[in-house]
Amino acid sequence: MNKTTHIAALALMAAAIAPAAHAAPPSAVWIDIQSPATSGFTVGSSQVTYGPVAADQVWVYDGANITPQNAANIENIIETQFNLPGTGVGSLVLVGQNDSQSSNSFTLTKATSYLAIHYGRGELLFHWDTPLAANTVFQINNLPRGISNFRAFDTIAAPVPEPSTYAMMVGGLALLGFVARRRKQA
């Protein structure tokens, strides 16, 4: 056996007997929490509680980091998990964030329908059908790891027509009625 072959054989043996601690961790998957009551749901081995209002849907991604941890990437993930459009009516708009959150309690300064909380190696996504009101204090306890940041989003609503638009529409209908009446008389 020459020196190169001997070194290659030693490298293969070292790789074969390497400790399992170097093995890649299992990949995390998204889990849909059914009936996510404020009294708690399980994340890892922790019973997480939150409030003040029960979410209509919660998704958990535990055991791996989502990168990059920026608002655009998190918005894309929320749109994917909740099957939302990427643009237009029903898409998301960022209404609040804190990139250095360390407390289990924070104030949502604007109405919020979707909330993403990053906690170490994990992410929680909350959705409320009726948005949480501005100045709601959100509390979350017993996460397996501390909060790193949060992102709050609301959905883009259909525009409400201005009163002048309604006036033009009524005027147009009246004009059509007048024209139709004149034709009938003629």
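Look above for the structure.
Residues numbered from 1 in each chain as written. Predicted model: local features only at pLDDT ≥ 70, side-chain atom pairs only at ≥ 80, totals over all residues. Heavy atoms only, no water.

A. Structural view of the side chain of Asn73. Position of Asn73 among the secondary structure elements: in helix H2 (residues 71-81). Setting aside residues no more than four positions away along its own chain, Asn73 makes contact with Ile66, Thr67 and Pro68. (Helix = DSSP H or I, 4+ residues; strand = E, 2+ residues; numbered from the N terminus. Contact = heavy atoms within 4.5 Å.)

B. A look at the pattern of salt bridges. Applying the stated criterion to the full structure yields two salt bridges. Where Arg145 meets Asp62, a salt bridge forms, and the shortest distance between an N and an O atom there is 2.5 Å. Of this pair, Arg145 sits in the loop between strand E9 (136-141) and strand E10 (149-155) while Asp62 sits in strand E4 (residues 57-62), and the two are 83 residues apart along the sequence. Here Asp99 ties to Arg151 by a salt bridge, and the two come within 2.5 Å at their closest N and O atoms. (Salt bridge = Lys/Arg side-chain N within 4 Å of Asp/Glu carboxyl O.)

C. Structural view of the environment of Ala37. With respect to the secondary-structure elements, Ala37 resides in the loop between strand E1 (30-33) and strand E2 (41-43). Among the residues examined, Ala37 registers a relative accessible area of 31% and is labelled partly exposed. (Buried < 20%, exposed > 50% of the residue type's maximum accessible area, 1.4 Å probe, protein only.)

D. Quick peek at the sheet that holds strand E3 (residues 46-51). The four strands are arranged E2-E3-E9-E6 in an open sheet whose pairing can be described as antiparallel. Of all the strands in the sheet, just E2 and strand E6 (105-108) have a single pairing partner and so form its edges. Within this sheet the neighbouring strands show an average axis-to-axis angle of 30°, counted without direction. Of the pairings in the sheet, the one linking E6 to E9 comprises four bridges and is antiparallel in character. Bridge pairing links Thr107 to Val137 in E9. (Pairing = 2+ DSSP bridges. Axes fitted to C-alpha atoms, helices over the stretch in contact; angles between N-to-C directions.)

E. Region of interest: unusual backbone geometry. Between Thr67 and the following residue, Pro68, the backbone shows a cis peptide bond with an omega angle of -5°. Backbone geometry at Ser35 places phi at a positive 50°, although glycine is not the residue there. Among the secondary structure elements, Ser35 is positioned in the loop between E1 and E2. Non-glycine residue Asn142 carries a positive phi angle of around 70°.

F. Expanded view of the packing of aromatic side chains. Here the structure, examined in full by the defined rule, presents 10 aromatic pairs. Seen in terms of ring centroids, Phe126 and Phe138 are 5.4 Å apart; in terms of plane orientation they differ by 70°. Their pairing is edge-to-face. With Phe126 in strand E8 (residues 122-132) and Phe138 in strand E9, the pair connects residues that are 12 residues apart, well separated along the chain. The exposure class of Phe126 is buried, given its relative accessible area of 0%. The exposure class assigned to Phe138 is buried, which follows from its relative accessible area of 0%. (Phe/Tyr/Trp six-rings, centres within 6.5 Å; stacked < 30°, edge-to-face > 60°.)

G. Layout of the side chain of His127. Within the secondary structure, His127 is located in strand E8. Residue classification places His127 among the buried residues on the basis of a relative accessible area of 8%. There is a polar contact of 3.3 Å between the side chain of His127 and the backbone oxygen of Ser113. Polar side-chain contacts of His127 include one of 3.2 Å to the side chain of Tyr114. Not counting residues within four places of it along the chain, the set of residues in contact with His127 comprises Ala55, Asp56, Gln57, Phe82, Ser113 and Tyr114. (Polar contact = N/O pair within 3.5 Å; in protein donor to acceptor, adjacent residues only side chain to side chain.)

H. Expanded view of the environment of Leu94. Its location among the elements puts Leu94 in strand E5 (residues 92-98). Overall, the relative accessible area of 35% leaves Leu94 in the partly exposed class. In the structure, Leu94 is positioned 60 residues away from Asp154 in sequence and 6.7 Å away in space, judged by C-alpha atoms. Non-local contacts of Leu94, meaning those with residues more than four positions away in its chain, are made with Ala71, Arg151, Ala152 and Phe153.

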